[in-house]
Protein chains: 2
Amino acid sequence: MQITGEILIGGKAVAGKGEAFTGWNPSTGQALEPTFYGATTEQVDEACAFAAEAFDAFRGTTLEERAKFLEAVAQAILDLGDELIERTMAESGLPRPRIEGERGRTVGQLRLFAQVVRQGLWLSPVLDSALPDRTPLPRPDLRLRKIPIGPVVVFGASNFPLAFSVAGGDTASAFAAGCPVVAKAHPSHPGTSELVGRAIQKAVAASNLPAGVFAMVGGRDNGVGGALASHPAIAAIAFTGSRAGGLALAGIAAKRPVPVPVYAEMSSVNPVFLLPGALQGDVAALAQGFADSATLGTGQFCTQPGLVLGLAGPEFDGFAQVAAEKMCAKTATTMLNKGIHDAYEKGVKTVEAHASVQTVARGQAGSAAWGGVPALFQTKASEILKDRHLSEEVFGPSSILIACENKEEMLAIAASLEGQLTATLHMTAADTELARELVPVLEKKAGRILVNGFPTGVEVSHAMVHGGPFPATSNDHYTSVGATAIDRFLRPVCYQNFPAALLPAELDDANSLGLWRLRDGKVEQR
Amino acid sequence: MQITGEILIGGKAVAGKGEAFTGWNPSTGQALEPTFYGATTEQVDEACAFAAEAFDAFRGTTLEERAKFLEAVAQAILDLGDELIERTMAESGLPRPRIEGERGRTVGQLRLFAQVVRQGLWLSPVLDSALPDRTPLPRPDLRLRKIPIGPVVVFGASNFPLAFSVAGGDTASAFAAGCPVVAKAHPSHPGTSELVGRAIQKAVAASNLPAGVFAMVGGRDNGVGGALASHPAIAAIAFTGSRAGGLALAGIAAKRPVPVPVYAEMSSVNPVFLLPGALQGDVAALAQGFADSATLGTGQFCTQPGLVLGLAGPEFDGFAQVAAEKMCAKTATTMLNKGIHDAYEKGVKTVEAHASVQTVARGQAGSAAWGGVPALFQTKASEILKDRHLSEEVFGPSSILIACENKEEMLAIAASLEGQLTATLHMTAADTELARELVPVLEKKAGRILVNGFPTGVEVSHAMVHGGPFPATSNDHYTSVGATAIDRFLRPVCYQNFPAALLPAELDDANSLGLWRLRDGKVEQR
């Protein structure tokens, strides 16, 4: 498939009338062909108008039709073949196995949502029978289902050019709900975005859906994103990126005449608590696991473990020493783009310069143009409690070891943390008492709590929560990964005394769709 | 029980240190004894600190303990006996049968939530089994449940001094979720609020719960509400009231260092569409039903039908004539307070003065000091399309009849409406085609769609949706009435590779709580 640098609107590729820009190869620091063109406000309008127009037809598809469409998108992405892998590698600097794995994740995610759509639990059908003889007043017949909210803007993330981008989890779950998507391509991987966007367009056409079900526009600056976020046809905004970016979108959304929800996944340092029992075990394996997780994908994971806490003493010192060796042994790999690389360098320098912080390890510089050199720091818990900035995210392969004087200080740190995507405990049975004190604190801070693992690696499954209290996300009632991500794009509607001729199929008397339903307060056997 | 004018904090009644004020009897225009005292910022702090402190113990209660607590609150309200009824009548101007009915609704709502808590569907447990042999990567054990979000501020509404106030649906659903509540008493019914608040305090103590599970503070101006909404211990804001009030709270919440969700139910004109077939039936009954609904509780229902649309012609004229007679026959009843009365008078005058509007009926003035005289207006659809202000809520017994030239104009009006709590169709089988065109439009505009009924009367049941797109509410993903109102106060947490010793009971292997759970993507039989 040809990459032309066009934008995708109304089932066609059209020339963007906005600013010109290119992708860059972060491994070489060189610009990549071809030239891309951003969208103008008029083109954004057009994309959103198409989406609004397509909404009723799209939400009117049967569950099977919509599931097949999701599967068609997955297949169309696979059909791009190695061209997609190579372009994504070139634009992201990420190695082939990672990109192939990420493609697998992206395709698997679309197929999971096909199953989710078919099963229909997300429709949440509830039926309350009429009670015409009830006194003092009869009860009407009431039936509830969830319906999609409308066109969704999906902002592609830089750090997962496939799985959190144009056809990533946000798009998959919005489509699953029955919402058209207008994707904002991330300027770091415009060619990858175009390939994937064209694959989606192909699947839309092959599925006989209205062209407005999908559009993709790009642009190098924030203008296009702002125009999308404030467009009246848009019903929700999905974003994965920086705290500043997420807050800016939340600000735009709140000022709209009709505010819309913003699902922004923003910032997390993913604290890891090494409890005493765990530090008496295989410290080398623990340190290796930590160093691997902290540097995976050049540390550019939302769930990178940025804080590691333990009780001060010889065991924690021992861990720190091995962890330092492991981090020193790591060589800088390419960061996603120059902006992220420069921000990382600046963030590391700020931590390094902090009076209370010791640098315990720097990795090898290597030869990458925009390489992120791993960094491991150490400080005391009391310093973190004094200066909250130390516990803020430095996006990249940098972590801080924190020695706590006692368990009270460890609990105090846990309680002082901002909201997180994840929190992790390393422990043995001997640590159960302390874990029982920590878990209730961490539940209030994080969307996912792990035992004896590392937070990178976010399973796409039914029980996953990739979300968490602010600033991890802007809305901690939801997840952006996993089956329940669909809930973000749904709202309930109640139908009172509807005649059978008007009732949606999922609420009919016969349960013709064979759904799990709640009837008169009881789960109805299918 | 004595009404002392105190505020309720930490399990005690204490003297408010804020401004003094009294309740008023709107039927007589006279101040009521005793003097009440608002809370200071320090007292708000204290109430919120107690709530934060109580949160873990409260959310740690078993489902049965929490259900029993809700039932104890219901019983304690009943135990207030006639004193509550009389005080509520005096402070609201509402008649005895309405207040007795509303007490029944309040108590029934608490008991419904007790059943909801016991059943535990709201916990949404999801289990994904570990797949240690999966390639290329094993899958960890992942388990999701929902947990309560933290202390909730509940703003009492003026128009339902029991069912949407201190122990109303917001409080019942927050308690059900495991969230402590700090209630902001509405200054229109401070004595009612104190009685109910003391009943809750009694139930908290009798249930051996920490005192911080409930507090109640009041105040005549917005200072106390603002202090509550911006307090760092508060995790969500529940409000029923005016659009201006809801938007002010949303503004405060968005500006917090850590934003919190605002569930504000604000404004709705609840359009009623009279389709041609319905106008060929018993028009007298239809008109009587409309007039009764429009003036119920002096029109002070969130679901008061403020717009009535039909196709222009002799049938609609005939309906208008009978409806006018029915409205003329209605006598003004007392409005809730002077402010609401004055705003109603002003709103009616504005509509009346509109060049395109005819006044087709005013009710009888009667003798109430702050009486709301029913009003029925008529205009053309084209005028509503030209001036959106005509379709904005006038809180009270005022409605506008709208003659549409054709069904296209009717559909255009439907599409142009702001978000609504309800939309209603009156129809026969002959109207099915037109209804099929209207329903998809109305689904996007309203939380509840009724056929052949009137929107006042909001059933408290499993399938109810009392919510809807902005400005009906600030968050249309939720309802404030009915069993699923609990979802507002929950967020998901995922537990990865947790040892059995740390797992919450609802996620244990044995399903010891006997919950409906999703395991490996399938609904698990209990």
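Everything numeric here is computed off the predicted structure, so don't read it as measured data. (Residues numbered from 1 in each chain as written. Chains lettered and ligands numbered in written order. Predicted model: local features only at pLDDT ≥ 70, side-chain atom pairs only at ≥ 80, totals over all residues. Heavy atoms only, no water.)

Student: Outline the interface of chain A and chain B, listing residues and values.
Tutor: In this complex, chain A contributes 69 residues to the contact, which on the side of chain B involves 68 residues. Interface area for chain A against chain B, summed over the two sides, is near 5600 Å², with a carbon-plus-sulfur share of 59%. The tally of links from chain A across to chain B stands at 10 salt bridges. The partner of Arg491(A) in a salt bridge is Asp476(B), with the nearest N and O atoms 3.7 Å apart. Joining chain A to chain B, the criterion identifies 43 residue pairs in polar contact (both at pLDDT 80 or more). When residues of the side of chain A that touches chain B are traced back to their parent elements, those giving at least two are α1 (41-59), β5 (126-128), β6 (142-148), α15 (432-443), β20 (446-451), β21 (490-496) and β23 (522-524) of chain A. (Contact = heavy atoms within 4.5 Å. Buried area = accessible area lost by both parts, 1.4 Å probe. Salt bridge = Lys/Arg side-chain N within 4 Å of Asp/Glu carboxyl O. Polar contact = N/O pair within 3.5 Å; in protein donor to acceptor, adjacent residues only side chain to side chain. Helix = DSSP H or I, 4+ residues; strand = E, 2+ residues; numbered from the N terminus.)

Student: Explain the environment of Val166(B) residue by residue, including any values.
Tutor: All names here are of chain B. Mapped onto the secondary structure, Val166 falls in the loop between β7 (152-155) and α5 (169-177). With 11 residues separating them in the primary sequence, Val166 and Phe155 have C-alpha atoms 7.6 Å apart. Here Val166 is in contact with Thr171, Ala183, Ser193, Val196, Gly197, Ile200, Phe214 and Met216, once residues within four sequence places are set aside.

Student: Give me the lowdown on the sheet that holds strand β12 (residues 272-274) of chain B, citing residues and values where you can.
Tutor: In spatial order, the strands read β23(A)-β22(A)-β5(A)-β6(A)-β21(A)-β20(B)-β19(B)-β12(B)-β13(B)-β18(B)-β17(B)-β15(B); together these 12 strands make up an open sheet with mixed pairing. With one partner strand each, in any of the chains shown, β23 of chain A together with β15 (358-362) of chain B form the two edges of the open sheet. Averaged over all neighbouring strand pairs, the angle between strand axes comes to 25°, with direction disregarded. Sheet topology note: the strand β17 (residues 375-380) of chain B/strand β18 (residues 398-404) of chain B ladder contains 6 bridges and is parallel. Paired with Ala375(B) across the strands is Ser398(B), a residue of β18(B). Each of β12, β13 (307-311) and β18 of chain B is contacted by helix α14 (residues 407-416) of chain B, which is oriented at about 160° to β13(B), the strand it contacts most. (Pairing = 2+ DSSP bridges. Axes fitted to C-alpha atoms, helices over the stretch in contact; angles between N-to-C directions.)

Student: Outline the relation of the copies chain A and chain B, supporting the account with residue identities and numerical values.
Tutor: When chain A is brought onto chain B, the operation consists of a screw motion whose angular component is 180° and whose axial shift is 0.0 Å, with 0.0 Å RMSD remaining. Both copies of the chain, as the preceding transformation shows, are related through a two-fold rotation axis. Across chain A, the rotation axis passes nearest the C-alpha of Ala254(A), at a separation of 3.9 Å. An overlap of 99% is found between the interface residues of chain A and their copies at the interface of chain B, pointing to a shared contact surface. (Least-squares fit on C-alpha atoms with pLDDT ≥ 70 in both.)

Student: So what's going on with the packing of helix α2 (residues 63-79) of chain B against helix α6 (residues 190-206) of chain B? Residues and values would help.
Tutor: All names here are of chain B. Running from N to C, α2 and α6 point in directions that differ by 135°, and their axes come no closer than 8 Å. On the basis of their axis angle, the class for α2 and α6 is oblique. Relative to α6, α2 is oriented so that their crossing is right-handed. For the pair α2 and α6, contact is made by Phe69, Ala72, Val73, Ala76, Ile77 and Asp79 and by Val196, Ala199, Ile200, Lys202, Ala203 and Val204, respectively. (Parallel < 35°, antiparallel > 145°, perpendicular 65-115°, else oblique. Left-handed = near helix turned anticlockwise from the far one by under 90°.)

Student: Kindly report on the UniProt feature "domain: Aldehyde dehydrogenase" (unreviewed entry) in chain A, identifying the contributing residues and their values.
Tutor: Look at the UniProt record and you will see "domain: Aldehyde dehydrogenase" (unreviewed entry) annotated at residues 17-468 of chain A. Note that residues 17-468 of chain A is 42% helix and 19% strand, and that its end C-alpha atoms are spaced 38 Å apart. (UniProt positions renumbered as here; feature names shortened; annotations may be inferred.)

Student: Let's hear about the domain arrangement of chain A: which residues, and what values?
Tutor: Residues and elements named next belong to chain A. As assigned here, chain A comprises domain 1 (7-20 + 33-266 + 478-488) and domain 2 (272-451). Put simply, the middle of domain 1 and the middle of domain 2, counted by C-alpha atoms, are 33 Å apart. Taken together, the contact pairs 14 residues of domain 1 with 13 residues of domain 2. In total, about 940 Å² of surface goes out of reach between domain 1 and domain 2, with carbon and sulfur atoms giving 52% of it. By the criterion of area lost to domain 2, the three top residues of domain 1 are Asn159, Arg243 and Glu265, representing 38% of everything that side buries. At the boundary of domain 1 and domain 2, one finds 1 salt bridge. Across the pair Arg243 and Glu418 runs a salt bridge whose closest N-O atoms are separated by 3.0 Å. Summed over the shared surface of domain 1 and domain 2, the result is 3 residue pairs in polar contact (both at pLDDT 80 or more). Partitioning the side of domain 1 that touches domain 2 into residue classes produces 3 nonpolar, 7 polar and 4 charged. (Domains from an automatic or database assignment. Nonpolar A, V, L, I, M, F, W, Y, C, P; charged D, E, K, R; others polar.)

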